Amino acid sequence: MAVDSGLSSPLGPPACEKDAKALQFIEEMTKNVDTVQENLLAEILSRNSETEYLKRFNLNGATDRETFKSKVPVVTYEDLQPEIQRIANGDRSNIFSSHPISEFLTSSGTSAGERKLMPTIHEELDRRTLLYSLLMPIMNLYVPGLDKGKGLYFLFVKAETKTPGGLLARPVLTSYYKSEHFKNRPFDPYNVYTSPNDTVLCSDSFQSMYSQMLCGLIMRQEVLRVGAVFASGLLRAIRFLQLNWQQLAQDISTGILNPKVTDSGIRECMAKILNPNQELAEFITKECSGENWEGIITRIWPNTKYLDVIVTGAMAQYIPTLEYYSNGLPMPCTMYASSECYFGVNLKPMVKPSEVSYTIMPNMAYFEFLPHEHSSSSPISRDSPPRLVDLADVEIGKEYELVITTYAGLNRYRVGDILRVTGFHNAAPQFKFIRRKNVLLSIDSDKTDESELQKAIENASLLLREYNTTVEEYTSYADTKTIPGHYVIYWELRVTDSANSPTEEVLSQCCLAMEESLNSVYRQGRVADNSIGPLEIRVVKNGTFEELMDYAISRGASINQYKVPRCVSFTPIMELLDSRVVSKHFSQSLPYWTSERRR
């Protein structure tokens, strides 16, 4: 219930005084976008003026936009990789930032098949924490009473490595969960979780998921919101419950924790939470033993008001499945962030996922926007670079690629996200996330582009040589109807001698060979995180891709310009392909993956 103490905000009546301050901060930032951006760039340039990278461009101490834009080039990760590698190898000089690089955040984008290493500085944790602090004040405008219960969030740390020079390299959320900002966060009645910190911080994915699910079941009546970072993560949790409900019910019935959970921190905190409860165990058995899992989230957690998951971009493919499991609960996407930088918030979180727009907060970094007509023609010529647009000057309806300059020393860095301007809040533009540039397939945090898929198919094709067989054509899609989802690759084969065609075993080996060729984020998802299922090859009849072309031409495609789509999602095309499948093959083993970073 909104407090009646004279507090007000153009966004709506705040729920408490703390919320009022957060909403007022949003108003101030969004009203003064251009000034905030101008001052922020000046601060970054002043602070980092003596860095090796900026000195290269002869700014001579200038901190104004025009000089910056005329002298500092727009870059990609590949442009910066040599310097990043120097830092990774132990060079501690001020290459990008005047502040010490505290660690590397590993991006799920790929570079030569490996994770990108994003340098960061310690104070970025403060900026990220600030953005987190704005989320609940916004949600409280739309959903009353969130201080009267808890959030069941499935949060996980992932494997971290050390670079040759001794710096940690880990995903941005792992960095945050292991930080004092998260572990010692002040109590906030609007932000209480069912999962104790120990359950989140356990690196064993089974023990972490098991204990978090157990806590959620024990506190089922207190749960007001259910979430994970990505939609795929929440669906994995539902699948986990399907597979493990009997043991979970037994733990609740007896008050004795599953011996498979060996982590001492988890066992200690669960000892305070887990008590025998026969009635609850019987309830879980009744709900989970049936075939029908429709609405299971609201059946088990009846007070849930919404699902807190990212369902924009590649995650939109999971919306129908989540609606099935939740009886159509709202799915607010609260924030927009990446390893490189946290960007902004959703000021209207209860809209449909297809209508989500994010308001970029101008205090997070210096933002520029590359008009999308230039964005596709990479790389950018340094002799005649396109004119980038400032945050305050983007135009409604136009699409742009996001370019950032950060305190940690990324200067005019192309993030690769394509955004469309949908409107403004005060002077701050609001953006719909359209897609990640060049990404073909994605199940979880993996991102596979066309060249990587092509390389994987070439490597797998080598196994077909002794059978005088080649891959004539191929396409793919991300199958998210299975949990976890998996890559499906359609192959049309040219078999020279039908008496010597590839065996089932060989085609299964082809699946594994493809997986071995994909990037480390994919392989970690397969091996360590269990977030991606075995890759599948579906062999189709000869002539299938000719039929695909005929179908495309019948719908208006030019016969001269037709190219086989390397990824498909249009239902009639997928139905055509599936009607021509002659055999299905899955990877029978796990691909190579290790948490040790190769040097």
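Structural data are supplied above this passage.
Owing to the predicted nature of the structure, the values given are computational and were not obtained by experimental measurement.

**Things to note about the pattern of salt bridges**
Tallying each qualifying case throughout the model produces 36 salt bridges. The partner of D529 in a salt bridge is K158, with the nearest N and O atoms 3.3 Å apart. With D529 in the loop between helix 19 (520-527) and strand 20 (536-540) and K158 in the loop between strand 3 (150-154) and strand 4 (161-162), this residue pair connects regions lying 371 residues apart in the sequence. For D529, a relative accessible area of 15% translates into the label buried. R526 is the partner of E515 in a salt bridge, and the nearest nitrogen-oxygen pair spans 2.6 Å.

**Quick word on the packing of aromatic side chains**
Under the defined criterion, the tally for this structure stands at 21 aromatic pairs. With 5.2 Å between their ring centres and 55° between their planes, Y153 and Y193 make a pair best called tilted. With Y153 in strand 3 and Y193 in the loop between helix 8 (180-183) and helix 9 (197-201), this residue pair connects regions lying 40 residues apart in the sequence. Among the aromatic residues, ring-to-ring pairing joins Y132, Y176, Y177, F182 and Y342 into one connected group. Between the NZ or CZ atom of R185 and the centre of the ring of F182, over which it lies, the distance is 4.2 Å. The positively charged end of R220 is found above the aromatic ring belonging to F283, 3.8 Å away from the centroid.

**Quick word on the state of the cysteines**
According to the stated counting rule, one finds 0 disulfides in the structure shown. Sulfur of C215: no disulfide; nearest cysteine sulfur belongs to C269 and is 6.3 Å away.

**Re the nonpolar core**
Ranked by internal contacts, the top residues of the largest apolar core, which has 166 residues, are L241, F367, F369, L402, W491 and M514. Setting aside chain neighbours within four positions, we find M514 in contact with L453, A456, I457, A460, I489, W491, L535 and I537. Core analysis: the second largest hydrophobic core is formed by 12 residues, F545, V564, I573 and M574 among them.

**Quick notes on the side chain of S326**
Looking at the element boundaries, S326 is found in helix 15 (residues 319-326). The buried category is assigned to S326, whose relative accessible area is 0%. In terms of polar contacts, S326 uses its side chain to reach the backbone amide nitrogen of L329, at 3.2 Å. Once you skip the residues sitting within four places of it in the chain, S326 turns out to touch G295, I297, T298 and L307.

**Topic: the pairing of strand 6 (residues 223-230)**
Here is the key point about a regular strand: its side chains alternate between the two faces of the sheet. Burial of strand 6 is extensive: 6 of the 8 residues sit out of reach of the surface. Pairing of strand 3 with strand 6, which is carried by 5 bridges, proceeds in the parallel orientation. Residue L152 lies in a different strand from strand 6, and its bridge partner there is V226. Both strand 6 and strand 7 (residues 306-310) contribute to a ladder of 4 bridges, which runs parallel. Bridging from a neighbouring strand, F230 pairs with I310 of strand 7.

**A word on the sheet that holds strand 19 (residues 486-495)**
Ordered in space as 18-19-20-21, the 4 strands form an open sheet in which the pairing is mixed. Sheet topology places strand 18 (469-479) and strand 21 (581-586) at the edges, where each strand pairs with a single neighbour. Sheet twist, expressed as the mean angle between neighbouring strand axes with direction ignored, is 25°. In this structure, strand 19 lies alongside strand 20, joined through 5 bridges in parallel fashion. Looking at strand 20, one finds that V488 is bridged to E536. Set on the sheet, helix 17 (residues 450-461) makes contact with strand 18 and strand 19; between it and strand 18 the angle comes to about 135°.

**Focus: empty space enclosed by the protein**
Overall, the coordinates contain 3 cavities of 30 Å³ or more when judged by the stated rule. For the largest cavity, the calculated volume is near 70 Å³. T120, E124, S339, E340 and C341 are, among the 13 residues lining the largest cavity, the residues nearest its centre. Those elements that place two or more of their residues in the lining of the largest cavity are strand 2 (114-120) and helix 6 (124-142). It is strand 2 that contributes the most residues to the lining of the largest cavity, 3 residues altogether. Approximately 50 Å³ is the volume found for the second largest cavity. Around the second largest cavity, the lining residues are S232, L235, R236, Y318, I443, T480, T482, I483, P484, G485 and S531.

**A look at the side chain of E492**
Note on placement: E492 falls in strand 19. Here E492 occupies a buried position and makes no salt bridge, while the nearest side chain of opposite charge, R494, is found at 8.1 Å. Separated by 2.9 Å, the side chain of E492 and the backbone nitrogen of G543 make a polar contact. Beyond its immediate stretch of four places on either side in the chain, E492 contacts T470, V471, E472, E473, V540, K541, N542, G543, T544 and F545.

**Describing the environment of G525**
As for its position among the elements, G525 is in helix 19. On the accessibility criterion, G525 (4% relative accessible area) is buried. Along the sequence, G525 and D446 sit 79 residues apart, while their C-alpha atoms lie 7.5 Å from each other. Those residues in contact with G525 that sit more than four places away from it in its chain are N530, S531 and I532.

**A word on the environment of E78**
Assignment of secondary structure puts E78 in helix 5 (residues 77-88). Residue E78 is classed as partly exposed on the basis of its relative accessible area, which comes to 42%. Spatially, the C-alpha atom of E78 lies 49 Å from that of C288, the residues being 210 residues apart in sequence.

**Here we look at the packing of helix 11 (residues 231-254) against helix 13 (residues 278-288)**
Here helix 11 crosses helix 13 at 165°, and the two axes come no closer than 8 Å. One element, helix 11, and the other, helix 13, form an angle in the roughly antiparallel class. As helix 11 runs across helix 13, the sense of the crossing is left-handed. Across the interface between the two elements, L241, W245, A249, I252 and S253 from helix 11 touch Q278, L280, A281, I284, T285 and C288 from helix 13. By residue class, the composition of the contact of helix 11 with helix 13 is 8 nonpolar, 3 polar and no charged.

**Some points on helix 10 (residues 205-218)**
Each turn of an α-helix holds 3.6 residues, which means side chains three or four residues apart point in the same direction. Between the first and last C-alpha of helix 10 there are 20 Å, a value that for 14 residues agrees with the 20 Å anticipated at 1.5 Å per step. For helix 10, the tally of buried residues reaches 11 of 14 residues, placing the bulk of the element in the interior. Considered for burial, the residues of helix 10 that qualify are Q207, S208, M209, Y210, S211, Q212, M213, L214, C215, G216 and L217.

**Considering the pairing of strand 9 (residues 342-345)**
As paired elements, strand 8 (residues 335-337) and strand 9 share 3 bridges and run antiparallel to each other. Bridging across to strand 9, A337 finds its partner in Y342. Linking strand 8 back to strand 9 in an antiparallel pair, the connection comprises 4 residues. Bridge count between strand 9 and strand 10 (residues 358-360): 2 bridges; the pairing is antiparallel. Bridged to V345 within strand 10 is T359.

Calculation notes
Residues numbered from 1 in each chain as written. Predicted model: local features only at pLDDT ≥ 70, side-chain atom pairs only at ≥ 80, totals over all residues. Heavy atoms only, no water. Salt bridge = Lys/Arg side-chain N within 4 Å of Asp/Glu carboxyl O. Helix = DSSP H or I, 4+ residues; strand = E, 2+ residues; numbered from the N terminus. Buried < 20%, exposed > 50% of the residue type's maximum accessible area, 1.4 Å probe, protein only. Phe/Tyr/Trp six-rings, centres within 6.5 Å; stacked < 30°, edge-to-face > 60°. Lys NZ or Arg CZ within 6 Å of the ring centre and 35° of its normal. Disulfide = S-S within 2.5 Å. Core = buried A, V, L, I, M, F, W, Y, C linked by side-chain atoms within 4.5 Å. Contact = heavy atoms within 4.5 Å. Polar contact = N/O pair within 3.5 Å; in protein donor to acceptor, adjacent residues only side chain to side chain. Pairing = 2+ DSSP bridges. Axes fitted to C-alpha atoms, helices over the stretch in contact; angles between N-to-C directions. 1 Å grid on protein atoms, 1.4 Å probe; cavity = no way out; pocket = protein on both sides within 12 Å on 5 of 7 lines; lining within 4 Å. Points joined across faces, edges and corners; volume = space filled by probe spheres on them. Lys, Arg positive; Asp, Glu negative; His and termini not counted. Parallel < 35°, antiparallel > 145°, perpendicular 65-115°, else oblique. Left-handed = near helix turned anticlockwise from the far one by under 90°. Nonpolar A, V, L, I, M, F, W, Y, C, P; charged D, E, K, R; others polar. Expected span 1.5 Å × (residues − 1).

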